[in-house]
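# Structural description and commentary
Spelled out, the chains give:
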Amino acid sequence: MSQTNTSLLEEVVQWSQETCRLQLKSVLPKLTSLHNKSDGWDDHIRVLKIIIDLFLPHIALTDVENECFSKILPKAVTIFDSMRKDILIQVGGLSSQNTELCSLLRNILKSMMQIIDALSTCVRHVGTYDVLDLVAIRTLPTCILKVLRDTFQHCKESEAVYCGRLSLVADLLQGLFKEAYALQKGLLELLDKISLDSAASEEEVNDIVTVIHSLLDISSVICNLDMALHANTWKFLIKQSLKYQTLVEEHLHHGDISSSLCNNLLASFHNAVDLAEQINRAGLQEATQSAEHKLFQKTAKMCRFFANTLVHYIKEFKTFLTKSCRHFHQLYLQIVSKFPPSLCAPTLPPTLYEELNVAALVPMDALLVQLLPLGPFAEVVLQEDSHIPKEHELPQCLLLTNVLSQLPSQPEEEVLQLWHTGSQFSEETPRLPLYQAVFTSFRRCYVERKVPVSLPGVMMKGQAQGQVTLHHHICVQLCASVAVLPTRYFPVLERCLVEAILQADNHTALLATDVWCFTARYGTAELCLHHVLLIAHLVKTCPAECYQSSHLGLLLRRMLFLMTPTHQMELLERFPTSKSENLPVWRHVLLRALSNDARRRVEVDVIALTQKALTDWQSGGYKLGQVDKVNAVLQCLLVVVRGKSPSEASTSKIVTQLWARMSPHQVQIHDVLQCTLQLLLSMTAVLVKSIEPQVILQALVCVEAVVSQKCADQLLLTVLEFLSSLGKVFIPPNSQSEILPRLSSLFGSLLSESSWLLHQHTLEAFAQFAEITNHEEVISQSLCVEETKSKVVNYLSKTVNAHEGAELRLERIKAEKMVLEQHNKRLEARRDVSTQSVDDSEPQPKRARQESHADEEYSRHIQTAQSALKAVHALTDTEALLPPTWLPSRLQELQLLISEITSTISQN
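Keep in mind the model is a prediction, meaning the values are calculated, not measured. (Residues numbered from 1 in each chain as written. Predicted model: local features only at pLDDT ≥ 70, side-chain atom pairs only at ≥ 80, totals over all residues. Heavy atoms only, no water.)

Per the secondary structure count, the protein includes 42 helices and 2 strands. A compact globule built from 908 residues should have a C-alpha radius of gyration of about 29 Å, whereas the protein, at 43 Å, is more than 25% larger. Sequence separation of at least 24 residues holds for 76% of the intrachain contacts in the protein that already meet a minimum separation of 6. Computed over 82 positive and 98 negative side-chain charges, the separation of the two mean positions in the protein equals 3 Å. (Helix = DSSP H or I, 4+ residues; strand = E, 2+ residues; numbered from the N terminus. Rg over C-alpha atoms; globule rule 2.2 N^0.38 Å. Contact = heavy atoms within 4.5 Å. Lys, Arg positive; Asp, Glu negative; His and termini not counted. Charge placed at Lys NZ, Arg CZ, Asp CG, Glu CD.)

Glancing now at the packing of aromatic side chains. Inspection of every chain in the model, using the stated rule, returns 13 aromatic pairs. Centroid distance Phe-152 to Phe-177: 5.6 Å. Interplanar angle 65°. Geometry classified as edge-to-face. Residue Phe-152 is located in helix 7 (residues 139-156), and its partner Phe-177 is located in helix 9 (residues 170-193); the two are separated by 25 residues in the primary sequence. A relative accessible area of 0% means that Phe-152 is categorised as buried. By way of ring pairs, the aromatic residues Phe-152, Phe-177 and Tyr-181 are connected into one cluster. Positioned above the aromatic ring of Phe-442, the side-chain terminus of Arg-449 is 5.1 Å from the ring centre. (Phe/Tyr/Trp six-rings, centres within 6.5 Å; stacked < 30°, edge-to-face > 60°. Buried < 20%, exposed > 50% of the residue type's maximum accessible area, 1.4 Å probe, protein only. Lys NZ or Arg CZ within 6 Å of the ring centre and 35° of its normal.)

By the definition in use, this model includes 2 cavities of 30 Å³ or more. As for the largest cavity, its lining consists of 13 residues, and the residues nearest its centre are Gln-383, Gln-396, Leu-432, Ala-437 and Arg-444. Of all elements in the fold, only helix 18 (393-406) and helix 20 (434-444) reach the threshold of two or more residues within the lining of the largest cavity. Of the residues in the lining of the largest cavity, the class split is 6 nonpolar, 5 polar and 2 charged. Within this model, the second largest cavity holds a volume of roughly 30 Å³. Looking at the lining of the second largest cavity, the elements with two or more residues in it are helix 7 and helix 10 (202-222). Broken down by element, the residue count for the lining of the second largest cavity peaks at 3 residues, all from helix 10. In the lining of the second largest cavity, the residues fall into 3 nonpolar, 2 polar and 2 charged. (1 Å grid on protein atoms, 1.4 Å probe; cavity = no way out; pocket = protein on both sides within 12 Å on 5 of 7 lines; lining within 4 Å. Points joined across faces, edges and corners; volume = space filled by probe spheres on them. Nonpolar A, V, L, I, M, F, W, Y, C, P; charged D, E, K, R; others polar.)

Our next topic: the pattern of salt bridges. As enumerated under the stated definition, the model contains 25 salt bridges in all. The salt bridge involving Arg-488 is made with Glu-413; its shortest N-O contact spans 2.4 Å. Here Arg-488, found in the loop between helix 22 (470-483) and helix 23 (490-502), pairs with Glu-413, found in helix 19 (residues 413-420); they are 75 residues apart in sequence, far enough to count as distant. Close ionic contact of Glu-428 with Arg-431 constitutes a salt bridge, the shortest N to O distance being 3.0 Å. Salt bridges here are not isolated pairs; linked through shared partners, they connect Asp-81, Arg-84, Lys-85, Lys-146 and Asp-150. (Salt bridge = Lys/Arg side-chain N within 4 Å of Asp/Glu carboxyl O.)

Here we take up the side chain of His-567. Secondary-structure assignment places His-567 in helix 27 (residues 565-574). Exposure remark for His-567: the relative accessible area of 10% places this residue in the buried category. His-567 has contacts with Ala-525, Glu-526 and Leu-529, leaving out every residue within four places of it along the chain.

Turning our eyes to something else, we now look at the environment of Ala-307. As for its placement among the helices and strands, Ala-307 is situated in helix 14 (residues 291-317). Separated by 206 residues in sequence, Ala-307 and Thr-513 place their C-alpha atoms 38 Å apart. When near neighbours in sequence (up to four residues on either side) are disregarded, Ala-307 contacts Leu-265, Ala-359 and Pro-363.

Among the secondary structure elements, Gly-625 is positioned in the loop between helix 29 (596-619) and helix 30 (627-642). Separated by 185 residues in the primary sequence, Gly-625 and Leu-810 place their C-alpha atoms 49 Å from one another.

As a further point, take unusual backbone geometry. Of note, the bond from Pro-340 into Pro-341 is cis; its omega dihedral lies within 30 degrees of zero at 10°. Relative to the elements of secondary structure, Pro-341 occurs in the loop between helix 15 (325-336) and helix 16 (350-371). In this structure, Tyr-622 is a non-glycine residue whose phi angle is positive, near 55°. As for its placement among the helices and strands, Tyr-622 is situated in the loop between helix 29 and helix 30.

Here we come to the environment of Ala-699. Secondary-structure assignment places Ala-699 in helix 34 (residues 693-707). Measuring from C-alpha to C-alpha, the distance between Ala-699 and Phe-722 comes to 9.3 Å, with 23 residues separating the pair along the chain. Aside from chain neighbours lying at most four places away, what touches Ala-699 is Trp-659 and Phe-722.

In this structure, Phe-55 and Trp-419 are the most contacted members of the largest nonpolar core, which totals 284 residues. Among the elements that take part in this core, helix 6 (residues 99-126) stands out by supplying 14 residues, more than any other. (Core = buried A, V, L, I, M, F, W, Y, C linked by side-chain atoms within 4.5 Å.)

Here we come to a nonpolar patch on the surface. Among the surface-exposed residues, Leu-869, Leu-891, Leu-894, Leu-897, Ile-901 and Ile-905 lie close enough to one another that they form a single nonpolar patch of about 540 Å² accessible area. Take the nonpolar patch: its biggest share by element is 5 residues, from helix 42 (residues 887-907). You can see Leu-894 is positioned in helix 42. When its relative accessible area of 41% is taken as the criterion, Leu-894 is described as partly exposed. (Patch = residues over 30% accessible without salt bridge, like charges linked within 9 Å, V, L, I, M, F, W, Y side chains within 5 Å. Areas by Shrake-Rupley, 256 points an atom, 1.4 Å probe, with all protein chains shown as cover.)

So this is what it looks like as structure tokens:
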């Protein structure tokens, strides 16, 4: 600095306030020019303090921007930034031995504090005015916010910057932070005094927007420095955004603000969860005055602050936040995933979870209410091809059920249509109807359905809430939603229920069945009839042996209990049991669901149809091609038998007649006869007390034949049902020698079954038999093998051989999920292929049916010939029956015939 300038400064500092006021116009320009031309930091700070301390108090508010702030503050910011950068350059050589460098760095930090102090003086001076205009001080906030950001950034990075030598400057850094903290507090108080009206200029609006965005930038720096400062910064940011909402809403970076709020909320939430886990591990749950617990409470309070702030911000600016909906969706899932019953939730005591619940989970309900009207949010939540991580599958399901519970409070029709109807046009982003999305999401939660996952239930009759399963919780929410659903959305509901019933996952189909039954029961009797007729039609058109038929049959069986007697008779008129084409409908019902008149009609018609089918089969020569028709009526006859019909004598006679036609050799060969056998065993198990011992012996002979070879598990389960029922009857002495050994042999064979499922069912059946039988010798003879005996004893005494830990069980269930999902996909793929083949064109399926018929004809005749030859072979092994003299020549004729057939096939 020149000697002239130095003389001026030395002279000015000697002036009184009055002299400064009188010389303001002539000296201030020289000082501001000198300030901008000064090179050294010390000279700059000296001039800056003279201007601010001596001359600023005498400058009119209308002139302070043009004559002072705009001329000196940008240079002050530049000098401050150069100081910070110089520290970064010099700090590498800092050590306690390098006293010169240590002194230099400390002096730089002191100079930075002086600049901050000068800026604080400016704020205090301007704050003395009652009425403020932003244009009059527009440079001041901008420059201060830049200095604050650099200061906080330097303090935040101090550990890394000073590389373990922080103690040499820690006192000054702490002082620098405090000065900056006070400066920001003063600036925010100053800005709070400013008010803009609707006539504000574009320049003023831009200045406010700049302030808000600068505070957003500062908030990202101070998030881990000081909780109070961070919260206050956000409070002011949101306050200013709302204060000037109509002026700034189109200029704010809403995506950045909402994203920062979400990130801060998640960070504070995860910190609170981590602290809660530390408290739990240290056993400090009861030590509420401990430092750890106080820090946890402060962090949870910050979490609640950011959650409520986010909700408030979305409420005011939701129309500008459509692009942030995916972020909001992820935020919801991430928070819910850390609470029970999520498998990702940490193990914490209820008191800590309660604080976290208030801080984060409760605000999520309010967040959801604000997001429901947003179309992009519905699109994200209801997207068809969802790539939700496994740990978020349950939170997604809970989110959808929460939407169900919140929708009735939405007054706008557009909101209901948005969620309930799904996408309507090709140009829309695809989205599922809400009910379909719930079922789809529930299907994905296979693991949570298997482990003990429970949620708070609804308070009933003044009783405290209990814990309910996931199925119970989702079912209650679905039914509550249906109860208030406007009738115009019932067609969509019905379509979603049908789709859920017809998919492969049994548990999801059961949930849809529960909801459908509630819908029928809650509605009118006519609505129930409408649903039953629809279901009956679907059952009738469904292939008999498929999972869809099983799901629909369960629904029909339950729905019949909800019908009035008049409507049950109407169902009988629409699908009369006297016609064989309606048998697929009635094979699923329970007779006790029907009124007396309907029940009697079903019994009479089914028994008559069965007798006619047997007569036709007999008159046709008991051909295998007619067995399918016999099986169809037997399935309905089984319904009558299980309904404990008063026509037990007629049904017993039919069963006896059929057992007489069952050949063990044919049963081994023909699958269709194994189906007949299964039905006969089920009916015999019910009618066992009225079945003759000779018929029981015939049944056991057939059972021996199928058990000796690999057969379907379902047939073996029916065998066990039959064997268990034999405990109810006393076998006459003259039949015991033939029946009891076979019974013991069958039990012994099935008890050694390697399949754990069949083995478990065998243990149950054997225990039931042993509990009621009079033939105790069967029990001992069935347990000849010591290993089998040990397993039975352990089962009866409820001994647990191995305890499966929670982690092992979880891993096993996850593995099961993969297998089951692949199985369900295969089932549904077959259904889709079958549907496609039928819908593509008419000629192709006709030709396929002809080819299939030819295969069936050849197979049937070959199997008949093979059975006959086996029977002849068995006779030749019998010493009591000598073969006739003509047998060899007839066998040679058969050999020639076989040779001719083979030759014809090769020529074709």
